[in-house]
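Okay, here's what each chain looks like letter by letter:
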Amino acid sequence: MNDINSNNKVFYGKQFIDDVVDTIKTKDILQSFYRKRYILRATMSGFILGLITVFVLMIRASLDGQIAGGLINLIASICFSFALVLILFTNSELLTSNFMYFTVGLYYRITNPIRVMKIFTLCFLGNFLGGFIFFVLFYLSDVMTPEMLTQLDNIIAHKTLTAGFTAILVKGIFANFFINISLVIAMQIKDILAKMFVLMFGVSIFAFMAYEHVVYNTVLFTGGLLYQSEELSTIPVMINIIASCIGNYIGGGVIIGLFYAYLNSNSDYKF
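In this convention, every chain numbers its residues from 1, walking through the sequence in written order. Predicted model: local features are reported for residues with pLDDT of at least 70 only, side-chain atom pairs are reported and counted for 80 or more only, and whole-chain, interface and lining totals are derived from all residues. With hydrogens and water set aside, each side-chain value is computed from the structure's full complement of heavy atoms.

**Brief notes about the packing of aromatic side chains**
Next up, step 1: Only Phe, Tyr and Trp rings take part, Trp by its six-membered ring, and two of them pair if their centres are within 6.5 Å. Stacked means planes under 30 degrees apart, edge-to-face means over 60, and tilted covers everything else. For the structure shown, the criterion picks out 18 aromatic pairs.
Next up, step 2: Ring geometry for Phe47 versus Phe134: centroids 5.4 Å apart, planes at 90°, classification edge-to-face. Taken together, the residues Phe47 in helix α3 (residues 35–63) and Phe134 in helix α7 (residues 113–139) connect sequence positions 87 residues apart.
Next up, step 3: For the pair Phe55 and Phe82, a centre-to-centre distance of 6.5 Å together with 25° between the ring planes defines the contact as stacked. Secondary structure is summarised from DSSP: a helix means a run of H or I of at least four residues, a strand means a run of E of at least two, and numbering begins at the N terminus for each.

Right, dumping it as structure tokens:
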């Protein structure tokens, strides 16, 4: 009994790791035998991100000039955090959270790099497709105002023209660190409202700090493409996507996934 208690104190995140492993197995089965359903779940994530992106653009456009810019950023960041709550509770597939899950899976050798890259690719394509479908539909409406288009141009310009590869990569690390540390905590909470709060505060921080999230950026650039943003340029966009993707993997996969997988592996310890 003492040995069990000692294990629980040292490997305090064992239940979390067990939950992650179960999630990995479910995702692996989905993409192996129900690939269309897996892609549709990934598509829903991109669609949700598109919805929230436009919601935030409208908030920024409506409040611009009415209140201080810092307060606008705070309100917009909190509203943007609704995206992760909607994605999690609809069981949708988001690439950046999969970075954490499948790095744990690689560490425990319950999957292999080829399968992981396949899942990452399918998930990213689904996320992109969801954002594209949303903006195609949205383009047919009259909701997007000139003020919202100005906000869209400003955000695209900031993401593509004001920072180099290294800066975007580092901001990508912090973005997915906050997302996945929120997931780590939320997975250990049973109360729904508490779980939602934890998810929201992590995303609010990364959004307020203007860190880089590869899926959000891809959806944002898709909107800029359809609305023919003058700030959109191929090479800066590709630099942003590649750098933010690498940064997101380091932040979510290595700093969170690998870190907690190692901390809660008891193969090196004897009690």
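**Structural notes on the nonpolar core**
Next up, step 1: The set of buried Ala, Val, Leu, Ile, Met, Phe, Trp, Tyr and Cys residues whose side-chain atoms join them within 4.5 Å is what this entry labels a nonpolar core. Relative accessibility decides the category of a residue: with a 1.4 Å probe and only protein chains considered, values under 20% of the type maximum give buried, values over 50% give exposed, and everything between is partly exposed. By size, the foremost hydrophobic cluster in this structure holds 66 residues, and its most contacted members are Phe16, Leu49, Phe80 and Phe206.
Next up, step 2: Take this core: its biggest share by element is 9 residues, from α3.
Next up, step 3: Residues contacting Phe206, with those up to four places away along its chain left out, are Phe80, Ala175, Phe178, Ile179, Tyr211 and His213.
Next up, step 4: With 5 residues, the next largest nonpolar core counts Ala163, Ile168, Ile173 and Ala243 among its residues. The contact criterion used throughout is that any non-hydrogen atoms of two residues lie within 4.5 Å.

**A few points about the side chain of Ser77**
Next up, step 1: Following the sequence through the fold, Ser77 ends up in helix α4 (residues 69–80).
Next up, step 2: Excluding its chain neighbours within four sequence positions, the residues that come into contact with Ser77 are Ser204, Ala207 and Phe208.

**What about the UniProt feature "transmembrane region" (unreviewed entry) in the protein?**
Next up, step 1: UniProt positions are given in the numbering used here, feature names are shortened, and annotations may be inferred rather than shown by experiment. The sites that carry the UniProt feature "transmembrane region" (unreviewed entry) are, in the present numbering, residues 38–61, 67–90, 119–141, 161–185, 192–211 and 237–263.
Next up, step 2: Along residues 38–61 the backbone is 100% helical and 0% strand, and the end-to-end C-alpha distance reaches 35 Å.
Next up, step 3: The straight-line gap between the two end C-alpha atoms of residues 192–211 is 27 Å; of that span, 85% is helix and 0% is strand.

**Considering empty space enclosed by the protein**
Next up, step 1: In this analysis, the protein atoms alone were mapped onto a 1 Å grid. Cavities are point sets where a 1.4 Å probe fits without being able to get out; pockets are open sets with protein on both sides within 12 Å along at least five of seven lines; lining residues have an atom within 4 Å of a point. Grid points are joined across faces, edges and corners, and a volume is the space filled by probe spheres set on the points. If you walk through the whole model with that rule in mind, you get 1 cavity of 30 Å³ or more.
Next up, step 2: Its volume calculated, the largest cavity comes out at about 90 Å³.
Next up, step 3: Taken together, Leu49, Phe80, Ala83, Leu84, Ile87, Leu94, Ile179, Val203, Phe206, His213 and Tyr216 make up the full set of residues lining the largest cavity.
Next up, step 4: At the level of elements, α5 (82–89) and α10 (192–208) are the ones that each hand at least two residues to the lining of the largest cavity.

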